[in-house]
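This is what each chain is made of:
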Amino acid sequence: FMGDVAAALRIADLAVFVVSAVDGVQVQTEEAWTMAARLGVPRMVFVNKLDRERASFDATLAQLRDRLGAGIAPLELPIGQELGFRGIADLLTDTAHIYDKGVPHTEAIPDDMEATEQEVHDALVEGIVVADDAMLERYLEGDVPALDELEHTLHDGIASATVFPVVVGSATREIGIDRLADFLVEIG
């Protein structure tokens, strides 16, 4: 991956911002984000270097929300911290993807993450359904939309540059890179 700190890759009308979980949001990231916003370019963020000492997903996510504004939507949470970073919790499917030398296998969300994952999952679903009035009305009546409905509405939010997905990983340890590539293909 290009220099991690604030590289923005343009892929099929989507700007992908790579932000280091160690260094956080840099000035050049903010400048490139502002330029993309002015142009109405859909954007997403890949939080990299989660396997490094002093890496903090929570601090990086807080910076993303504070400096880049509304619409930041984490689709994944890291499993493990720093050198113990070993996988990704997918918030839409409620599954864990654990990596061994770049090869993932799927399992249940770890018990120690279950409450946090469910809380962030619920916030993500709420953030997606507000983009569709009919879906929001159903949701408020207790009808949780199916995964394919959520994905469709999320895709529309990304295309309209109102929702900015955040995915996680480590380029050097090949954690999450496959998921990032798959996501780019799906929304491209």
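What you see is a predicted model; the values in this text were computed from it and never measured.

## Regarding the sheet that holds strand 7 (residues 95-100)
Move 1: Within the open sheet, the four strands sit side by side as 5-6-7-8. Their pairing is antiparallel. Taken across any chain shown, the strands that pair with only one partner, and hence form the sheet edges, are strand 5 (76-79) and strand 8 (103-107). Each strand axis lies, on average, 25° off the axis of its neighbour in the sheet, ignoring direction.
Move 2: The sheet contact formed by strand 7 and strand 8 spans five bridges and is antiparallel.

## Description of the environment of Leu-136
Move 1: Along the polypeptide, Leu-136 turns up in helix 4 (residues 133-140).
Move 2: Classification of Leu-136 as partly exposed rests on a relative accessible area of 23%.
Move 3: Through-space distance from the C-alpha of Leu-136 to that of Ser-160 is 18 Å; in sequence the pair is 24 residues apart.
Move 4: Filtering out sequence-adjacent residues up to four positions away, Leu-136 remains in contact with Val-129 and Val-130.

## Concerning the confidence of the model for the chain
Move 1: Scored by pLDDT, the chain comes out at a mean of 89, with 93% of its residues at no less than 70.
Move 2: Within the chain, strand 5 carries the highest mean pLDDT (97), whereas strand 1 (residues 6-11) carries the lowest (43).

## Quick notes on the nonpolar core
Move 1: Ranked by size, the top nonpolar core spans 56 residues in total, and within it Met-44, Val-45, Val-47, Phe-57, Leu-64 and Ile-72 carry the most contacts.
Move 2: Here the element with the most residues in this core is strand 2 (residues 14-20); it accounts for six residues.
Move 3: Those residues in contact with Val-45 that sit more than four places away from it in its chain are Phe-17, Val-19, Trp-33, Leu-64, Pro-165, Val-166 and Val-167.

## So, unusual backbone geometry
Move 1: A positive phi angle, near 65°, is found at Lys-49, a position not held by glycine.
Move 2: Structurally, Lys-49 can be placed in the loop between strand 3 (43-48) and helix 2 (57-68).

## Quick notes on a negative patch on the surface
Move 1: On the surface, a cluster of negative charge is made up of Asp-94, Asp-111, Asp-112, Glu-114, Glu-119, Asp-122 and Glu-126.
Move 2: Along the polypeptide, Asp-111 turns up in the loop between strand 8 and helix 3 (114-129).
Move 3: What makes Asp-111 exposed here is its relative accessible area of 72%.

## Remarks on the packing of aromatic side chains
Move 1: If you walk through the whole model with that rule in mind, you get two aromatic pairs.
Move 2: The residue whose ring lies beneath Arg-43 is Trp-33, and the NZ or CZ to ring-centre distance is 4.8 Å.

## A word on the side chain of Thr-60
Move 1: Relative to the assigned elements, Thr-60 resides in helix 2.
Move 2: For Thr-60, the side chain forms a polar contact with the main-chain oxygen of Ser-56, separated by 2.7 Å.
Move 3: For Thr-60, the contacting residues outside a window of four places in its chain are Val-19, Ser-20, Ala-21 and Val-47.

Calculation notes
- Residue numbers here run from 1 along each chain, matching the order of that chain's written sequence.
- For a predicted model such as this one, the threshold for reporting local features is a pLDDT of at least 70, and the threshold for listing and counting side-chain atom pairs is 80 or more; totals across whole chains, interfaces and linings nevertheless cover every residue.
- With hydrogens and water excluded, all non-hydrogen atoms of the structure serve as input to the side-chain values.
- When DSSP finds two or more bridges between a pair of strands, those strands are recorded as paired.
- Only DSSP runs of H or I covering at least 4 residues are called helices, and only runs of E covering at least 2 are called strands; the numbering of each starts at the N terminus.
- All axes here are fitted lines through C-alpha atoms, helices being fitted over the stretch that makes contact, and every angle between N-to-C directions spans 0 to 180 degrees.
- Throughout this description, buried means an accessible area under 20% of the type-specific maximum (1.4 Å probe, protein chains only), exposed means over 50%, and partly exposed covers the range between.
- The contact criterion used throughout is that any non-hydrogen atoms of two residues lie within 4.5 Å.
- The quantity called pLDDT is the predictor's confidence in a given residue, expressed from 0 to 100.
- The set of buried Ala, Val, Leu, Ile, Met, Phe, Trp, Tyr and Cys residues whose side-chain atoms join them within 4.5 Å is what this entry labels a nonpolar core.
- A residue counts toward a patch only above 30% relative accessible area and without a salt bridge, and it is joined to like-charged neighbours within 9 Å or, for Val, Leu, Ile, Met, Phe, Trp and Tyr, to nonpolar neighbours within 5 Å.
- All accessibility values rest on the Shrake-Rupley procedure with a 1.4 Å probe; residue burial counts only the protein chains present in the view.
- Salt bridge criterion: a side-chain nitrogen from Lys or Arg within 4 Å of a carboxyl oxygen from Asp or Glu.
- Neither His nor the chain ends is counted toward charge; the positive residues are Lys and Arg and the negative residues Asp and Glu.
- Each charge is placed at NZ for Lys, CZ for Arg, CG for Asp and CD for Glu.
- Only centres within 6.5 Å qualify two rings of Phe, Tyr or Trp (six-membered ring in Trp) as a pair; their planes then separate them into stacked at under 30 degrees, edge-to-face at over 60, and tilted for everything else.
- A ring is scored as having a charge over it whenever the NZ atom of a lysine or the CZ atom of an arginine sits within 6 Å of its centre and within 35 degrees of its normal.
- Here a polar contact is taken to be a pair of N or O atoms separated by no more than 3.5 Å, where protein atoms must pair a possible hydrogen donor with a possible acceptor and residues adjacent in sequence count only if both atoms sit in side chains.

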